[in-house]
Amino acid sequence: MSYLLEVNNLKVGFTLDNHTTQVVRGVSFEVNKGEIVGIVGESGCGKSVTSLSMMRLLKGTSGKIQEGEIWFNDRNLLHLTEKEMRHIRGNNVSMIFQDPMTSLNPVLKIGKQLTQGIRLHLNYSKSRAKEYAIEMLKSVGIPRSESIMNEYPHQLSGGMCQRVMIAMAMSCKPELLIADEPTTALDVTIQAQILELMKQLRDENDTTILMITHDLGVVSEICDRVIVMYAGTVIEEGKTKEVFNDPKHPYTEGLIQSMPKIGEEQSRLYAIPGQVPDHAHMPKGCKFAPRCPYVMDLCKEKEPSLVTEADSRQHRCWLFQGEGIQDGKGSEKVDV
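Residues numbered from 1 in each chain as written. Predicted model: local features only at pLDDT ≥ 70, side-chain atom pairs only at ≥ 80, totals over all residues. Heavy atoms only, no water.

**A look at unusual backbone geometry**
Glycine aside, negative phi is the norm for most residues, and most peptide bonds take the trans geometry. Put simply, the rule is: A run of H or I in DSSP counts as a helix once it spans at least four residues, and a run of E counts as a strand once it spans at least two, with each numbered from the N terminus.
If you check the backbone angles, N73 has positive phi at about 50 degrees while not being a glycine. Note that N73 resides in the loop between β4 (63–72) and β5 (75–76).

What follows is the structure, encoded as structure tokens:
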């Protein structure tokens, strides 16, 4: 089967003081055309570094892709020149960055930044590009769009800048849209509007969307499949409903239990104990073992491999592999 996007054994390291720390450890996944896939996990799990690697945007940082393949439309992006990548970025693949305040050019007006990409990739005239840019700003819920075109990023709020970034990424109707925490700075009304707009983009243009987020509510609303990352690697993958209703990894179970539940009284929200391990000092064995309520001796000694079940569910946990046990593990069911 030919996928639109295929990531194979991606490894990324960052070097500081001549010491390299691997922060993405052999990540592999595939995305079909027209599919919306979510990548979830706590901060520090490697989600954003994975997305930046796919766009070849680690240049100028201490990060480097050490190993792996990133196939897009049967072309390995890691073998392309920078000129070839510039053609793909924006035209075929667009990205909504996590921090809009640092992603927009502070010395260029919003209209200039929007129309540059539109004219370059869609070959519109100057007047048509301006009209289309205003239409895109309106579509993401920006009031007084005409006047916003003449303002600078510092004159807008963080939420407004985020919407400008979303409009910019979606304006060229890319084949693949990578959205890194696209709704974080937005209120729930605008968030719902943006998610609906993304679904519309998928339905009308067959756009594939890779949604990187820590918000499981967003995942349940929009994603066909979900990939759960922890400590720089994939620990679970499957259809969204199946993963939410029957998690195969204690980390996924903990994330689901952390979600507030409507109509249920809770004195305090559940939180997974501990924190994501320091990439420079990873624990032996399963990287989640120090925080896991079901930890066994085996978990502390040997890291489980990623197992694929008959229904294409994947998980990396001894509880569901031959050497582990299942007794005592109960998963809370969540309707999505």
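Moving on, there is more to tell.
**Quick word on the layout of surface pockets**
Operational definition: Put plainly, a pocket is an open set of points on a 1 Å grid over the protein atoms alone with protein on both sides within 12 Å along at least five of seven lines, a cavity is a set where a 1.4 Å probe fits but cannot get out, and a lining residue has an atom within 4 Å of a point. Grid points are joined across faces, edges and corners, and a volume is the space filled by probe spheres set on the points. For this classification, Asp, Glu, Lys and Arg are treated as charged, while Ala, Val, Leu, Ile, Met, Phe, Trp, Tyr, Cys and Pro are nonpolar and the rest, including Gly, are polar.
Approximately 650 Å³ is the volume found for the largest pocket. If you go around the largest pocket, you meet 25 residues; those closest to its centre are G90, Q113, G117, H121 and M168. Put simply, the parts of the chain that give the lining of the largest pocket at least two residues each are β6 (93–96), α4 (110–122) and α7 (158–170). At seven residues, the largest contribution of residues to the lining of the largest pocket is made by α4. Residue composition of the lining of the largest pocket, by class: 14 nonpolar, nine polar and two charged. Empty space within the second largest pocket amounts to approximately 490 Å³. Taken together, 18 residues form the lining of the second largest pocket, with L216, L255, S258, M259 and P260 sitting closest to its centre. Breaking the lining of the second largest pocket down by element, the ones donating at least two residues are α9 (216–222) and α11 (250–257).

**With respect to empty space enclosed by the protein**
According to the stated counting rule, one finds four cavities of 30 Å³ or more in the structure shown. Taken as a whole, the largest cavity encloses approximately 70 Å³ of empty space. Lining the largest cavity we find 13 residues, and of these P250, C286, C292, C299 and C317 sit closest to its centre. Grouping the amino acids of the lining of the largest cavity by side-chain chemistry returns 11 nonpolar, one polar and one charged.

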